[in-house]
Structures are given as C-alpha cells and as structure tokens.
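The residues making up each chain are set out below.
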Amino acid sequence: MKKLLTYLGIILLTTAPGVSLVGCKPINNNANSGGGGSDNDINNDLKILSKIEEESLSDLNDYSAQQNNIIDITLGGVQPAFSAIAKLVSKEKPDVNLDYEDANYGSALQYLYYNFKQYFNNSINAKIKHQYAAYYLTSDPLMLAATPVKISATYIDLDTLASLINDPSIKTATAVTINIALRYTVQYKTYSSNIDYNIKFIATDRVDAIKNTIGKIIGIISDATIGYFNNLQNVTIDDPQSKFYNIFQKFQINFDDNKNGPVVNNLVLNGFQDMIKTLPALQNYLSYIKYDNSQSFITLLSQWVNNTTNGVEPVTADSAPWNWTGNGYDPSKITVANFEQFFLKISSIFSSGDVFDLANFKINLNIITIAGLPLSGVVIKGGTALALDLKASKEGMQKKLDNFANIVVKFFNYFHFTSNQQQPQVAITINQDLTNKLKDPNNSHLNNFLPLLINDFKAQKDVQALPDIDLFNGLNDRIYYDSGNDPCLQKQNDSQWLVPYHNPANEDVTGWNFILSFGAIGQWMTTGYKIADSTYLPLLINLSAK
C-alpha cells in the first residue's frame, strides 16, 4: 500500500455540511514525485488542501448571499430559451429535470453556466491562486467541470409572493429557479479532491423586482425571528441549560468534521423550524416554506479546535512521551500534573482566557425557498449579520482536561508504560489474558491489536468509574507497509513482541501510528515515526509471564 493513500481519512474529516467530498488522490501516481517528502510535509500539504477547500466553499456561499445568483434573462439574447424553461414548470408540476444540450432551452443553461464559470475562475479561483502564488505558477487551485452534474428547474409562484408582500406588480414578471449540481476539483501539489456543490439561480426579466421581493421577505423573517437569533449569540455550551450541552459533554468540539457540523446544524435548524410555527407574523408563510436539505443552515467561519489544533501531531523530540513520563517506568512521573503541563506545551487547545471561543457560524437563509423563490442573504440586526457563537468556560474546559489526563495516566500505569530516550524506545507490559490472545495470528495484526488494548483497559472496574471514560478510545491513524512486510506485531522471543518501524532507507516499510483520543482531541502515540534526523521510535510489547 502506498503511504499516500493512508491520508484519505484526514481529508474526509474536512467536508462542510451539505457538501459532498468525493475523494482525495495523488495527482501523479508516483508517490515520490512532486509533494513527496517526510510525513510532516505530507500532513502539512493535506492541511493546506483542506484549507483551500474551505475557502472555496465559503466563497460559493457568499456568491448566493450577495445575490450574484440572480440572472437577468434580458441580456445575452437568451430570453426566449429561459422563457421556455419557465413554461415547463407550474403549480401542478413545480419541479422538472433539464437537459443541458436541449435544442429549445439548452442555450440558456449554457449561457448561465458560462457566466458562472467566468465568476468562479476570475474571482474565487484567482483569489486563492494569488494567496498561494508561490505554488500556482502555471496551474490553478480549482478546476470546474466543463458541464454541470445535474440541472433542474423549480416553479416560482409569483401570484402567492405578490399576495404575501402586498405587491401585485411582480405578477407580470418571468422568474424560474434553476438548480445546478456542479463539481470542481481542488488541487495542491500532488494532491487533489473533488467537491460537489448545489447552487440555485433565479432567472428573471425583472431583477430589481425580485431583489426587492427577497429583501421584503427577509426583512419580515428577520423582524419575526430576531429573538431566536439573538439567543444564539455567545452561547456557553458547557452550561447544562444550553441546547448544545450534549455536544460539550461528548467533547465533540471540532465542528468541521462530518459528525459534529451536522449535529449543530440540525439543532439550529430544528429550533428555527419549531420557532417560526409559533410566530403570528409568519403564519401566512408556513405552507409555502421549504428547506433544501442538501445544504447547511449554518456555515462555519472559525473555530478553536480543528484538524490542525486537535493535539494530534506527529511525535517529535519535544512531544515524545519521555518528556513527561521520565525514563524507565516511573509512576512518580506519570501524574496528572506532569501530563497536563506536557500537553499544554504541545497543544493550544486548553490555553485561552476565561472564555473559549469554540466556534462561530453564519446563518444561511439561502437553504429556504418561499413559494419556490430561494432566499439569499443573512438575518440582520442594526446592519450586522447575526451569527451563532459557541463558547465554553475556562472551568468547563479545565474539567475536561483533568478527565482526559486522569484517563491517560491510568492507561500508562495500567500497561507499565516505559520510556527510554537513549535507545530510543517505548515499551508496555500486557497481562496474561492479552498474552494469550496474541497467540491468535489475527490479534497480532496492527488493526486488531489496538482495540484489544483499549477494551482490556476499559473493562477494569476502577477504569469504568473514571469520569468521561466513554470519550476515551484508541484510533489506528496510519499503518505503513510494503509488499514484503505484513503489518503485524513481530515476535522477538517468548517474552517480547515488537511493533515494526520505519527503515530510514525505505519510506514504505512497516510502521504504526495510533492516537489516544478523547472526544474531538487526542494525543498521538506512534511507532515508525521519525523523532530526530535518523531516529525512529519502536514499541516493544512485554508479555506476561506464564
């Protein structure tokens, strides 16, 4: 297995809610070309790729929020083709799929997509290219597919909208929603990923009237819902009264992965949906409101813990375990105080003031359609867009750090974790039950061995009583091997097994990295990882005496 492919999981964690990340691959199949190098270099490259993905998605959301998606069909000589599309939908048949090459209306779709592609390349692509100009000398960071993945049209009920906003003049307009599912490729050095994104265009012959209609509706919604969105400002999620309290209890505070982002989104959206049903000012709107579940109601702007700052970093001379455990097995050094001091040096997760700004989200009204008309923009108060701000108290974060530290200390003592900086080497001692289980060849495989360790540890009664023990786990992060090596523990003698590690002359030789995780954070334990110019850290397994 090529080492590069083991990084797929890192990229999969960065997808924004409502967006599909199709895959990550090397642009050049030669693993030693282009961006090849040390594991740290590869990890950094993948983080930059992830950052470019996030920037492009944020820019696409802004495209609709700024009403760039409203298309004037009187320009470009395509009004007859757009009018033909508008005639395909009706109250009785509100949604139809469209053919990009259709003889009657295909020119309108091609005109729309061409103009979007111009904006995509000249604005979004150019901005990112300028930001990373040192790399993109002869290439672009983003490549938009030549044609859309799928196109459909949705009926806009102008009669109903005219009644809702008390403006009969818009009845005479032509307006139809064009839904485009598009795909683009993000490239950085030898890595690339494909992203699917859905965008709604409003094609109309009266742009100002449609913008005015959207503005009136958003104004009505903003006025009616301002109390709800005000309550989303400065939310302390470690408060038991917070609707987000369960997220903090599980310590899932990395909000840009595929699990936690949707959880927050659903809490906010479900609360919004329940709330508007109770508002007298919106009762006339309720039967006409629909939500696009393929997109997120919130967009992450910033966060405290992400895939870079989650504590999961490669082992270096400064982060090797003997920095806090001492040399040999020394229980007097394996303490909560020593671990917390060590962890605070290598990670900024728990280093802040009295309040931790965990995450900031903006609210996207463009997932809402009313009578077929997509909204665009944000909820405004005093000229400022309202947002969701999630915070945690210093006391709440310290309690989580204490709980994590207590578990790690218990884990290290349970397995008599032994460090040797001089060799360098780390070792653990396992009990008779685990020793017996290693006789099964399947259990010596690195994929299976770590769960055995974690399950044995968590089965102990005193361990089960530890606060937040349910948040603790072991994750196989990376296993490297080539065709000549099986990724298994290697028996040294009757009393010792060894986890194989990198051969400095061969990047693809067997090695193992694993993480002691705690909710969304973790401490990276490792074998096969370079901690000095030519020094690699193996793990020795001492078996229990028979």
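Since we're looking at a predicted model, the values are computed, not measured.

> Just checking my understanding: could you explain the sheet that holds strand β9 (residues 289-291) for this structure?
Either a parallel or an antiparallel arrangement is found when strands of a sheet pair, and the pairing is made through backbone hydrogen bonds. In space, the 3 strands of this open sheet follow the order β9-β12-β13, with antiparallel pairing throughout. Two strands in the sheet have a free side with no partner beyond their single neighbour: β9 and β13 (373-374). One ladder, built from 2 bridges, connects strand β12 (residues 368-370) with β13; its direction is antiparallel. Note that in β13 the partner of T369 across the bridge is P374.

> I would appreciate a short explanation of the environment of D433 in the present structure.
Within the secondary structure layout, D433 lies in helix α12 (residues 432-437). A sequence separation of 23 residues divides D433 from D456, and the C-alpha atoms of the two residues are 8.8 Å apart.

> It is not clear to me how the sheet that holds strand β10 (residues 298-303) should be interpreted in this structure. Could you clarify?
The 4 strands are arranged β8-β16-β11-β10 in an open sheet whose pairing can be described as mixed. Pairing within the sheet leaves two strands with one partner each, and these edge strands are β8 (235-236) and β10. Looking at chain direction, β10 and strand β11 (residues 355-363) are connected through 5 bridges and run antiparallel. Within the sheet, the bridge partner assigned to T299 lies in β11 and is K362.

> What's the story with the pattern of salt bridges in this structure? I'm lost.
Side-chain pairs of opposite charge can arise where the charged atoms are in close proximity. This model, assessed by the stated rule, comprises 12 salt bridges. Ionic pairing is found between K362 and D62, a salt bridge with its closest N-O pair at 2.4 Å. Here the residue K362 occupies a position in strand β11, and D62 occupies one in helix α2 (residues 39-65), the gap between them amounting to 300 residues. In this structure, the salt-bridge partner of D140 is K129, at a minimum N-O distance of 3.2 Å. Highlighted residues: D140 in the loop between α4 (106-131) and β4 (142-144) and K129 in helix α4, separated in sequence by 11 residues.

Reading guide: rules and limits
- For every chain, the first residue of the written sequence is number 1, and numbering continues from 1 onward in sequence order.
- Note on the predicted model: pLDDT of at least 70 is required for a residue's local features to be given, and 80 or more for side-chain atom pairs to be given and counted; whole-chain, interface and lining totals, by contrast, use all residues.
- Computation of side-chain values covers all heavy atoms of the structure but excludes hydrogens and water.
- Only when DSSP finds a minimum of two bridges between them are two strands counted as paired.
- Helix numbers and strand numbers start at the N terminus; a helix is a DSSP run of H or I with at least 4 residues, a strand a run of E with at least 2.
- Definition used for salt bridges: Asp or Glu carboxyl oxygen within 4 Å of a side-chain nitrogen of Lys or Arg.

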